[in-house]
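One letter stands for each residue in the lines below.
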Amino acid sequence: MVANSQVEIGLTLEALTDGIVVHGRLCADWVSECRRCLRQLSGRSETEVQELYQAVVIDPDAYPIVGEQLDLLEMVRENLLLAVPVAPLCTVDCPGLCSQCGADLQTTKCGCSNKIADERWAALDLLKIDESRPTTE
Ligand SMILES: [Zn+2]
Ligand SMILES: [Zn+2]
């Protein structure tokens, strides 16, 4: 998801015998949401581009030159889609939403018995049992 607001483009064109190479840097602000808690996120992505335009498209990755014009829109759009995070997280350890009541676990302790949490505690309980087990030779 790329915000419509601002895309900065700095491109250099280089003529080849069989086409034009467009290279430079794209910069865009984006808004998205955390994939776990759906909190709104925004950021800025930069990407280097190097793309080939050809009047007669021979290279399968080349963009067509139509009527002696370079249509940058499609190229810019495709590169930005690759540059922005597809499924960002607000923080790397975002606890997300409670699977039962939907509470935001980052700010709320809802008290539901969460399945994942249960498994973690079960593992801890096993550890405790192991540690307290008397060592017999
Ligand atoms: Zn989050
Ligand atoms: Zn809950």
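Residues numbered from 1 in each chain as written. Chains lettered and ligands numbered in written order. Predicted model: local features only at pLDDT ≥ 70, side-chain atom pairs only at ≥ 80, totals over all residues.

**Here we look at the pairing of strand S4 (residues 63–66)**
Part 1 of the argument: Bridge count for strand S3 (residues 40–54) against S4 is two bridges, and the pairing is parallel. Looking across to S4, one finds that glutamine 54 is bridged to proline 64.
Part 2 of the argument: In terms of strand pairing, S4 meets strand S5 (residues 69–70) through two bridges, oriented antiparallel. Looking at the pairing, valine 66 lines up with glutamine 69 of S5. (Pairing = 2+ DSSP bridges. Helix = DSSP H or I, 4+ residues; strand = E, 2+ residues; numbered from the N terminus.)

**Things to note about unusual backbone geometry**
Part 1 of the argument: Even without being a glycine, leucine 38 presents a positive backbone phi close to 65 degrees.
Part 2 of the argument: Structurally, leucine 38 is set in the loop between strand S2 (19–33) and S3.
Part 3 of the argument: Although it is not a glycine, glutamate 68 sits at a positive phi angle of roughly 60 degrees.

**Here we look at the nonpolar core**
Part 1 of the argument: In this structure, Leu26, Ala28, Trp30, Val49 and Val76 together form the largest nonpolar core, which totals five residues.
Part 2 of the argument: The element that contributes the greatest number of residues to this core is S2, accounting for three residues.
Part 3 of the argument: When near neighbours in sequence (up to four residues on either side) are disregarded, valine 76 contacts Val7, Ile9 and Leu26. (Core = buried A, V, L, I, M, F, W, Y, C linked by C-beta atoms within 7 Å. Buried ≥ 20, exposed ≤ 12 C-beta atoms within 10 Å, placed from the backbone. Contact = placed C-beta atoms within 7 Å.)

**Quick word on the pairing of S2**
Part 1 of the argument: As defined by bridge partners, S2 adjoins S3 across 14 bridges and the pair is classed as antiparallel. Counterpart to glutamate 33 in the pairing with S3 is glutamine 40.
Part 2 of the argument: Hairpin connection of S2 to S3: six residues between the antiparallel strands, including leucine 38 at a positive phi of 65 degrees.

**Some details on the confidence of the model for the protein**
Part 1 of the argument: In this model, the protein carries an average pLDDT of 85, and 79% of its residues clear a pLDDT of 70 or more.
Part 2 of the argument: Taken element by element, the predicted model of the protein shows its lowest mean pLDDT in helix H2 (residues 115–132) (57) and its highest in S3 (95). (pLDDT = per-residue confidence, 0-100.)

**Looking at the environment of glycine 102**
Part 1 of the argument: Among the secondary structure elements, glycine 102 is positioned in the loop between helix H1 (72–83) and H2.
Part 2 of the argument: Owing to 12 C-beta atoms within 10 Å, glycine 102 belongs among the exposed residues under this scheme.
Part 3 of the argument: On a C-alpha basis, the gap between glycine 102 and cysteine 37 in space is 9.1 Å, while along the polypeptide they are 65 residues apart.

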